[in-house]
Amino acid sequence: MMTIRPVHHFLAARTLLRLCFVLLPRLVALFLCGLLLNASIARADVGFEPGSGQLLLQRPGLPPEPALLQHSRFAVQIAGMVAVVRLQQTFENTSGDWAEGVYAFPLPGDAAVRHMEMRAGGRRIVGKVRERQEAQAIYQQAASSGRKASLVSQQRPNLFQNRIANVAPGETVSVELEFVQPVEFAQGRFSLRLPMTLTPRYIPGISLPRAENGAAEASYLAWHAATDQVPDAPLIAAWQHPRAGADALPLNPVDIAVELDAGLPLAQVDTPSHAMRLSREGSRYALQLARGPAEMDRDFVLRWTPATGSEPRAALFTEAVDGDHYGMLMVVPPALTQADTAIPRELVFVIDTSGSMGGVPLQQARHSLAAALDSLRPADHFNIIAFDHEYRSLFAKSRQAVPDALRQARRFVSKLEAGGGTEMLPPLQHALQQGLATTNERLRQVVFLTDGAVGNEQAIIDMIAVRIGASRLFTVGIGSAPNSWFLREAAALGRGRHLHVGESSEVSTQMDALVDYLAAPLLTDVRVDWPQAVAEAGGPLPDLYAGAPLIRSVHFNTPPQVGVIRVSGRLNGQPWRQELELGDSAQQPARGVGSLWARARIQALLDERYTGAREAVIRANVLAVALQHQLLSPYTSFVAVEEQVSRPTDVPLKPDAVRNTRPGGQSSQGFAYPQTATTASSKLFFACLLLFVALLFWVMRGPELDHVPDDAKR
C-alpha cells in the first residue's frame, strides 16, 4: 500500500498563489495608473524648458498654448573671415492673458553677442549689458511693476535665454540680436554653421531638494529638476514638440538670407543643409531659402571653395573701434606631407550609443567608425569603447590591427544599438586613463563620436584638462544638431581637431579629413612675432594639422604700423617660417574683429581655471572685458526696460513654457524626460512586471497534486 503524504501546507501555498494570480494584474494596473498620475504631477511641477524660439503661454491647470511664431529670420553678412549675423524672432500673444514669455535659442559657441533690442507696439527698446545679478534685479522689478522688459542671459556658451515681461493679449513682440562669428577654414574650404535647435541634454546626478531661493520659480521652465552634477538643469533641459517638424509645414519656421563677400574668386558655393537660391553680382553672392521658410530642426551650413590658385596663405583682418585697433591673423601652412616612416599609433574609438543617438545619428556614427577602421594600418593598435549608461570595451586592451581583430571590430560595430542614458564621463576618463598608464612610444589618439548631448559638459572638460596626458583627442559631432561648442572645446584641450557629420552623404568626406588629421605630421612649436606691441587674446599657440590654419586675435597698442609678421614652427621636424608684410595693402578691414578679440579674450580668461586661477579673479577680469565691449558672458546679461507702465498691477502676469523642434532624423525623446534616461518609477514598474511574469511562469509549471482520498485509491 502506497502512502500519500499530507499536502495541506502545499495546498495553502498554491491557493495563495492562485489568489495572487487573480489579484496581481489588478494591482499592477492600479500601480501603473499611479505612475501615470505621478508623471502628470511631476510634469506639471517641473514644467518645461526653453527651446529653439517658440513661445508657449501656460495657464495653471491647463495645457500650454503656443503663441503664434510669426517669423524667425537670420540675416547674415560675411566679409572675408568674419560673419555678422542679425537674428530676429517675432511672436504674437494669442491668449487672453498678460504673458511673461521665456524662450531659449542656440547660437555658435564662439559667437560674440553684442546687441539686443526689443520692439513692441512700434516702440524700440535697446538692451544694455549689466552684471548678471544686477540685470536680473532690474528685470524682476520692471516685470512686477507692469513695465515691458527683456532679459537675455547665457546659460552655456552655445545656449542663451530671453525673458520678455508684460506682453499684452494680442500683442506682437519681436526680439533682435546681433552677434559676430568667425568663419571656419579647413581642408581648403570655408564654412559657416548656424545652429537652429537643441538636442535634449542628458542630466546626470541626484535631484536636489527644491530650495526657497528662486530655484522653484525657475522649475516651470524645464522637464528636469536641478541635480548635484547639473545644478542649472532647469535652464538647459530642452522641451520638444511631440511630433517631428517638416519644411512643408514647420513648427518653428525660419527664414535665412546671406550676403557673401569672400574677398577672393570662388569655385563653388553650396549649402548641404538647405535648398538655397543663389545670385551673384561681381564678387558678391546673395543666398535665400529656395522654398520659403524652413523648419528649425537642423543646423544651417554654408560652404564656399576658393578657385584654384587663389587659396589663402595669409591674411590680416583689422578694425578700429573708438580709437582702439584690433586684428585677426590667419596663416595657412603649406600642405603637410606624411613622413617617410609612419609613426606607430594607438587609436581608441569611443562611440556614444545612448538614446539621444537613436535613429539616423547612430547610423551615421556606425558608418563613420567603420570608415575609420578601414584606414588603420597593420602596425596600428586599436580598441573600441561603446557607452550609454555604462560602457563596454571590444578588447581588454588595444590590439594590433590584424584581419581577425578588424573582423571582430566590424561585428561589434554592426550590433550597436541606441538606448540608455549618456554617462559620458566614465568611458572617456577610462580611455584617457589608460593612456596615462601606457609607457610605449606609440602616438596615442582618442577619437570620440557623439552628439555631445549632456548637461555636465564642464565636468567632462575639466577631466580632459587633467587627464589628457600624451594622448590627443579628436571629436566627431554626429547628427543634425550636436553640441558643437562642447566638442570643439574638448578637442582644443585635447590638442586634436573637431569635425562634424550632419548628413549620411558626408561620412566619406569627413572621415577622409579625419584620416588626414590622424596620419599627417603636425606643425609644432608654433610662434608668432609681431613688429609692434600687441595684446593677444590669450591661450597657447596650438599645434596645426593638415589643412588647418592658425588664427590669432590681437589688440594693437598703437595703430598697425609697417613691418613684418613672422610665423614659425617645426614641420616634419624641420624649421619652417612664413612672413606677412604689415602694410596698408596687407590689411583687410572687417566689421566685428574687435568683438571677436573680446570674445576670445573672455574665453582665454575662463580657461585660466585649468592653470589654478581663482574663480573670483577670473570673474573680475571677465566682467571688465564684457562690460567694456558690451558682450554677453557667464557673468553679464542684456537687459532692456520700457519706461511706461503697460500692465495694470491688479492684472496677473502669467508665465510660459516652450517647445523645441526635434533634431531631424532623431528618434523621439519623450516629453517629460529624455529617452536616454530611465526614471526610478519606470524601473520599479518594470521590476513588478517581471516579477508578475516570473510568478505566472512558476504557477503554470507547478506539479499537479493528487487530491484523491486514500480510501478511493485502495
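In this report, the structure presented in the accompanying data block is examined.

Rules of the game
Residues numbered from 1 in each chain as written. Predicted model: local features only at pLDDT ≥ 70, side-chain atom pairs only at ≥ 80, totals over all residues. Heavy atoms only, no water. Helix = DSSP H or I, 4+ residues; strand = E, 2+ residues; numbered from the N terminus. Buried < 20%, exposed > 50% of the residue type's maximum accessible area, 1.4 Å probe, protein only. Contact = heavy atoms within 4.5 Å. Pairing = 2+ DSSP bridges. Axes fitted to C-alpha atoms, helices over the stretch in contact; angles between N-to-C directions. Parallel < 35°, antiparallel > 145°, perpendicular 65-115°, else oblique. Nonpolar A, V, L, I, M, F, W, Y, C, P; charged D, E, K, R; others polar. Phe/Tyr/Trp six-rings, centres within 6.5 Å; stacked < 30°, edge-to-face > 60°. Lys NZ or Arg CZ within 6 Å of the ring centre and 35° of its normal. Salt bridge = Lys/Arg side-chain N within 4 Å of Asp/Glu carboxyl O. Expected span 1.5 Å × (residues − 1). Polar contact = N/O pair within 3.5 Å; in protein donor to acceptor, adjacent residues only side chain to side chain. Core = buried A, V, L, I, M, F, W, Y, C linked by side-chain atoms within 4.5 Å.

Topic: the overall build of the protein chain
Inference 1: Counting secondary structure elements, the protein chain contains 13 helices and 37 strands.
Inference 2: Counting across all 714 residues of the protein chain, residues that qualify as buried make up 53%.
Inference 3: A separation threshold of at least 6 residues defines the contact pool for the protein chain, and within that pool the share at least 24 residues apart is 75%.

What about the sheet that holds strand S10 (residues 159–167)?
Sheets are built from strands that pair by backbone hydrogen bonding, the pairs being arranged parallel or antiparallel.
Inference 1: The mixed open sheet is built from six strands, whose spatial order is S8-S35-S9-S10-S5-S36. A single partner strand is all that each edge strand has here, and the edge strands are strand S8 (128–131) and strand S36 (653–654).
Inference 2: In this sheet, S10 lies alongside strand S9 (residues 147–156) in antiparallel orientation, the contact comprising seven bridges. Each bridged residue has a counterpart across the sheet, and for Leu151 the counterpart in S10 is Arg163.
Inference 3: Together, S8 and strand S35 (636–645) form the strand contacts of helix H11 (residues 615–629), whose direction differs from that of S8 by roughly 165°.

Here we look at the sheet that holds strand S34 (residues 587–589)
Inference 1: Reading across from one edge, S30-S31-S21-S20-S34 is the order of the five strands in this open sheet, with mixed pairing throughout. Here the strands that pair on one side only, and so sit at the sheet edges, are strand S30 (534–536) and S34. Pairs of neighbouring strands in the sheet enclose a mean axial angle of 30°, with direction left out of account.
Inference 2: Two strands pair when backbone bridges link them, and strand S20 (residues 314–321) and S34 are joined in this way by three bridges, in the parallel orientation. Bridge assignment links Thr318 to a residue of S34, and that residue is Pro589.

Topic: the packing of helix H4 (residues 360–374) against helix H5 (residues 403–414)
Inference 1: Where H4 meets H5, the axes come as close as 10 Å, and the angle between the chain directions of the two elements is 175°. Judged on the interaxial angle alone, H5 and H4 are roughly antiparallel. Facing H4, whose interface residues are Arg366, Leu369, Leu373 and Asp374, H5 presents Leu406, Ala409, Arg410, Val413 and Ser414.
Inference 2: A breakdown of the residues in the contact of H4 with H5 according to their chemical character gives five nonpolar, one polar and three charged.

A word on the packing of aromatic side chains
Inference 1: On inspection of all chains with the given rule, the structure shows nine aromatic pairs.
Inference 2: Between the aromatic rings of Phe185 and Phe190, the centroid separation amounts to 4.6 Å while the plane-to-plane angle is 50°, which identifies the pairing as tilted. With respect to burial, Phe185 and Phe190 carry one shared label: buried.
Inference 3: One aromatic cluster is present, formed by Phe185, Phe190 and Trp304 through successive ring pairs.
Inference 4: A cation sits over an aromatic face here: Arg399 above Phe395, 4.8 Å from the ring centre.

Comments concerning the pattern of salt bridges
Inference 1: Applying the stated criterion across every chain yields a total of 35 salt bridges.
Inference 2: Between Arg156 and Glu457 there is a salt bridge, with its nearest N and O atoms 2.9 Å apart. Of the two residues, Arg156 sits in strand S9 while Glu457 sits in helix H7 (residues 457–467), which places them 301 residues apart along the sequence. Of the two residues, Arg156 and Glu457, both sit in the buried class.
Inference 3: In this structure, the salt-bridge partner of Asp529 is Arg527, at a minimum N-O distance of 2.9 Å.
Inference 4: Overlapping salt bridges, with partners in common, bring together Arg86, Arg114, Glu176 and Glu178 in one network.

Things to note about the pairing of strand S17 (residues 284–289)
Within a regular strand, the side chains alternate between the two sheet faces.
Inference 1: By the alternation rule, side chains of S17 split into Tyr285, Leu287 and Leu289, which are all buried, and Arg284, Ala286 and Gln288, of which none is buried.
Inference 2: One ladder, built from five bridges, connects strand S14 (residues 253–261) with S17; its direction is antiparallel. Counted as the bridge partner of Glu259 is Ala286 from S17.
Inference 3: Pairing of strand S16 (residues 276–281) with S17 involves six bridges; the strand directions are antiparallel. Each residue of the ladder has a partner; that of Arg280, found in S17, is Tyr285.

Concerning H4
Each full turn of the α-helix corresponds to 3.6 residues, which orients residues three or four apart in the same direction.
Inference 1: For H4, built from 15 residues, the straight-helix expectation of 21 Å at 1.5 Å per residue is met to within 8% by its first-to-last C-alpha distance of 21 Å.
Inference 2: Looking at H4, one finds that the buried residues are Pro361, Leu362, Gln364, Ala365, Ser368, Leu369, Ala372 and Leu373.

What to know about the pairing of strand S7 (residues 123–126)
Inference 1: As defined by bridge partners, strand S6 (residues 112–120) adjoins S7 across four bridges and the pair is classed as antiparallel. Bridge pairing in S7 places Arg119 opposite Arg124.
Inference 2: In sequence, S6 turns back onto S7 through a hairpin of two residues, with Gly121 there showing a positive phi of about 60°.

Here's the deal with the environment of His500
Inference 1: Structurally, His500 is set in strand S28 (residues 498–501).
Inference 2: Ignoring anything within four residues of it in the chain, the contact list for His500 reads Arg193, Gly477, Ile478, Gly479, Pro482, Glu506 and Gln510.

Some details on the side chain of Thr199
Inference 1: Position of Thr199 relative to the elements: it lies in the loop between strand S13 (189–194) and helix H3 (215–218).
Inference 2: Discounting residues that sit within four places of it in the chain, Thr199 has contacts with Ser356, Asp451, Ala453, Ala481, Pro482, Pro663 and Gln666.

Regarding the environment of Ser153
Inference 1: Relative to the assigned elements, Ser153 resides in strand S9.
Inference 2: Once the C-alpha coordinates of Ser153 and Gln136 are considered, the two residues, 17 residues apart in sequence, prove to be 9.2 Å apart.
Inference 3: Dropping the residues within four chain positions of it, Ser153 is found in contact with Arg132, Phe160, Gln161 and Ser637.
Inference 4: There is a polar contact of 3.0 Å between the side chain of Ser153 and the side chain of Ser637.

With respect to the nonpolar core
Burial of nonpolar side chains together is a common tendency in soluble globular proteins.
Inference 1: Ranked by size, the top nonpolar core spans 78 residues in total, and within it Phe74, Val76, Ile78, Ile256 and Trp304 carry the most contacts.
Inference 2: The element that contributes the greatest number of residues to this core is helix H10 (residues 593–606), accounting for seven residues.
Inference 3: With residues up to four places along the chain from it excluded, the contact list for Trp304 reads Ile78, Gly80, Val183, Arg189, Phe190, Ser191, Leu192, Leu260, Ala262, Leu266, Gln268 and Val269.
Inference 4: Within the second largest apolar cluster, 38 residues are counted, among which are Ala365, Ile384, Phe412 and Tyr545.

Description of unusual backbone geometry
Most of the time, phi is negative for any residue but glycine, and the peptide bond is trans.
Inference 1: Positive phi outside glycine occurs at Arg495, with the angle close to 55°.
Inference 2: Summarising the element assignment, Arg495 is placed in the loop between helix H8 (484–493) and S28.
Inference 3: In this structure, Gln630 is a non-glycine residue whose phi angle is positive, near 55°.
Inference 4: Note on placement: Gln630 falls in the loop between H11 and S35.
Inference 5: Judged by relative accessible area, Gln630 falls into the partly exposed class, the value being 27%.

Focus on the side chain of Ser471
Inference 1: Mapped onto the fold, Ser471 is located in the loop between H7 and strand S27 (472–478).
Inference 2: There is a polar contact of 3.2 Å between the side chain of Ser471 and the side chain of Arg444.
Inference 3: Dropping the residues within four chain positions of it, Ser471 is found in contact with Leu432, Gly435, Arg444, Gly494 and Arg495.

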